[in-house]
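# Architecture at a glance
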Amino acid sequence: MEAHIFRALASFLRRESLVRDTRLSVEEKLAAFLWMMSHNSSYQDLQVQFKHSNDTFHNIMNNFFNIVPALSKHFLKPPNPARVHPKIQNNPRFFPYFQNCLGAIDGTHVPMNITSDIATPFRNRKGTLSQNVMVACDFDLNFTFISCGWEGSATDARVLRSAIRKGFRVPEGKFYLVDGGYPNTKFFLAPYRGVRYHLKEFGRGHRAPQNYQELFNHRHAVIRNHIERDLGILKKHFPILKVGTHHTIQNQVKLPAAAAVLHNIIRMHKGDESWLDNQRELIPAANYVDLPDGDPPQNHQVNHEGDHLRDTIAQQMWADYRR
């Protein structure tokens, strides 16, 4: 995080009385939290780095984890449903077909470090322990929603259903793009099953789309790739999301949201991300946990409204493509 972004964040935390100056300044506390997020540092590591007591860092970390919900509410905001994003509006491949698309949704697994007596539901299909985190992003690569804490054995579709029950809403007439692990509905448009989808299947040396389903899937994949890029950037910024940590379960659950908030703040202040591909290894890759990469396509109940919307968009797209 660049110095001007760090200063802006520290000023916000002080102004909103979320973190207070004590014998340690807000800046010192923020520095310790960011160091922990980037290095997966234990309290003992922080003692060595910052020369304060174990109890001091325990209190600092709890302070930051406790304000994650407030920070999420402030910095993770749904997109304006009345606005068509320029990436859609100014690209004839996507407009008018995806003019009502608000962004993309996906699930991502984040390791959990928990005791064996409660581990079973957190064991994912790779056999490791994780939470399944649902995220939504817009076309500026900002996270607009996050739901943390579901056990690693839960499917992406189940996590989405839970988020909807808890208040996640899509305005009428709008939709998000999702992958084949989710049911296709009028609010969550999935690709056609059993049809070419992944971008590499349409790359050089492969034939052009042959029908309306292939064309829809190709363009769907191009736009939905925003969420995959966003998650990739997030985990490069915060490789702590790839390893187990020493924090309590309650705080481990908040780690992805804390990272998403910091990601949005960095982008809000136009932080430089070019260094991410060449950064030195802050957490050894040997410590990374083997995690599932998305759910395989699921057999979901047919949703006629969703199928009709998808067919309408795809057939209009195909008719224009063939002219």
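Located above this text is the structure these notes cover.
Let me sum up the structure you'll find in this document. (Residues numbered from 1 in each chain as written. Predicted model: local features only at pLDDT ≥ 70, side-chain atom pairs only at ≥ 80, totals over all residues. Heavy atoms only, no water.)

### Topic: the packing of aromatic side chains
- One pass over the full model with this rule turns up 13 aromatic pairs.
- Centre to centre, the rings of Phe33 and Phe65 are 5.8 Å apart; their planes meet at 80°, and the pair counts as edge-to-face. Of this pair, Phe33 sits in helix 2 (residues 26-39) while Phe65 sits in helix 4 (residues 54-66), placing them 32 residues apart in sequence. Each member of the pair, Phe33 together with Phe65, is buried.
- Judged by centre distance (5.9 Å) and plane angle (40°), the rings of Phe98 and Phe216 are tilted. Placement of Phe98 in the loop between helix 6 (86-89) and strand 1 (101-111) and of Phe216 in helix 8 (residues 212-237) is noted, with a sequence separation of 118 residues between them.
- Phe98 gets classed as buried once you look at its relative accessible area, which sits at 0%.
- Among the aromatic side chains, those forming a connected cluster through ring pairs are Phe94, Phe98, Tyr192, Tyr212 and Phe216.
- The ring of Tyr192 has Arg310 lying over it, and the distance from NZ or CZ to the ring centre is 4.2 Å. (Phe/Tyr/Trp six-rings, centres within 6.5 Å; stacked < 30°, edge-to-face > 60°. Helix = DSSP H or I, 4+ residues; strand = E, 2+ residues; numbered from the N terminus. Buried < 20%, exposed > 50% of the residue type's maximum accessible area, 1.4 Å probe, protein only. Lys NZ or Arg CZ within 6 Å of the ring centre and 35° of its normal.)

### Focus on the nonpolar core
- With 51 residues, the main nonpolar core has Leu13, Phe33, Met37, Met61 and Phe143 as its most contacted residues.
- In terms of residues, this core owes the most to one element, helix 9 (residues 249-268), which gives nine residues.
- Ignoring anything within four residues of it in the chain, the contact list for Leu13 reads Leu18, Val19, Val26, Leu30, Phe64, Ile67 and Leu71.
- In terms of nonpolar packing, the next biggest core, distinct from the first, is built from 18 residues, Tyr97, Phe175, Tyr192 and Trp318 among them. (Core = buried A, V, L, I, M, F, W, Y, C linked by side-chain atoms within 4.5 Å. Contact = heavy atoms within 4.5 Å.)

### Some details on a positive patch on the surface
- Taken together, Arg158, Arg161, Arg165 and Lys166 make up a surface patch of like positive charges.
- With respect to the helices, strands and loops of the structure, Arg161 is situated in helix 7 (residues 156-165).
- When its relative accessible area of 44% is taken as the criterion, Arg161 is described as partly exposed. (Patch = residues over 30% accessible without salt bridge, like charges linked within 9 Å, V, L, I, M, F, W, Y side chains within 5 Å. Areas by Shrake-Rupley, 256 points an atom, 1.4 Å probe, with all protein chains shown as cover. Salt bridge = Lys/Arg side-chain N within 4 Å of Asp/Glu carboxyl O. Lys, Arg positive; Asp, Glu negative; His and termini not counted. Charge placed at Lys NZ, Arg CZ, Asp CG, Glu CD.)

### Points about the pairing of strand 1
- Of all 11 residues that make up strand 1, 11 are buried, and the element is covered over most of its length.
- Bridging between strand 1 and strand 4 (residues 175-177) involves three bridges; their strand directions are parallel. The partner of Ala104 across the bridge, within strand 4, is Leu177.
- Where strand 1 meets strand 2 (residues 130-137), eight bridges bridge the pair, whose relative direction is antiparallel. Note on strand 2: the bridge partner recorded for Val110 is Gln131. (Pairing = 2+ DSSP bridges.)

### Notes on the environment of Met1
- As for its position among the elements, Met1 is in the segment before helix 1 (3-15).
- The exposure class assigned to Met1 is partly exposed, which follows from its relative accessible area of 38%.
- Sequence separation between Met1 and Gly127 is 126 residues; the distance between their C-alpha atoms is 34 Å.
- With near-sequence residues (within four places) excluded, Met1 lies in contact with Phe6, Leu9, Leu34, Leu262 and Ile266.

### Brief notes about the packing of helix 3 (residues 43-50) against helix 4
- Axis separation between helix 3 and helix 4 bottoms out at 9 Å; the angle between their running directions is 110°. Classified by the angle between their axes, helix 3 and helix 4 sit roughly perpendicular to one another. Each of Tyr43, Gln44, Leu46, Gln47 and Phe50 in helix 3 lies in contact with helix 4, whose residues at this interface are Asn54, Phe57, His58 and Met61.
- In the contact of helix 3 with helix 4, the residues fall into five nonpolar, four polar and no charged. (Axes fitted to C-alpha atoms, helices over the stretch in contact; angles between N-to-C directions. Parallel < 35°, antiparallel > 145°, perpendicular 65-115°, else oblique. Nonpolar A, V, L, I, M, F, W, Y, C, P; charged D, E, K, R; others polar.)

### What about the side chain of Thr128?
- Tracing the sequence through the fold places Thr128 in the loop between strand 1 and strand 2.
- At 2.6 Å, the side chain of Thr128 and the backbone oxygen of Asp290 are in polar contact.
- Setting aside residues no more than four positions away along its own chain, Thr128 makes contact with Phe122, Arg123, Val289, Asp290 and Leu291. (Polar contact = N/O pair within 3.5 Å; in protein donor to acceptor, adjacent residues only side chain to side chain.)

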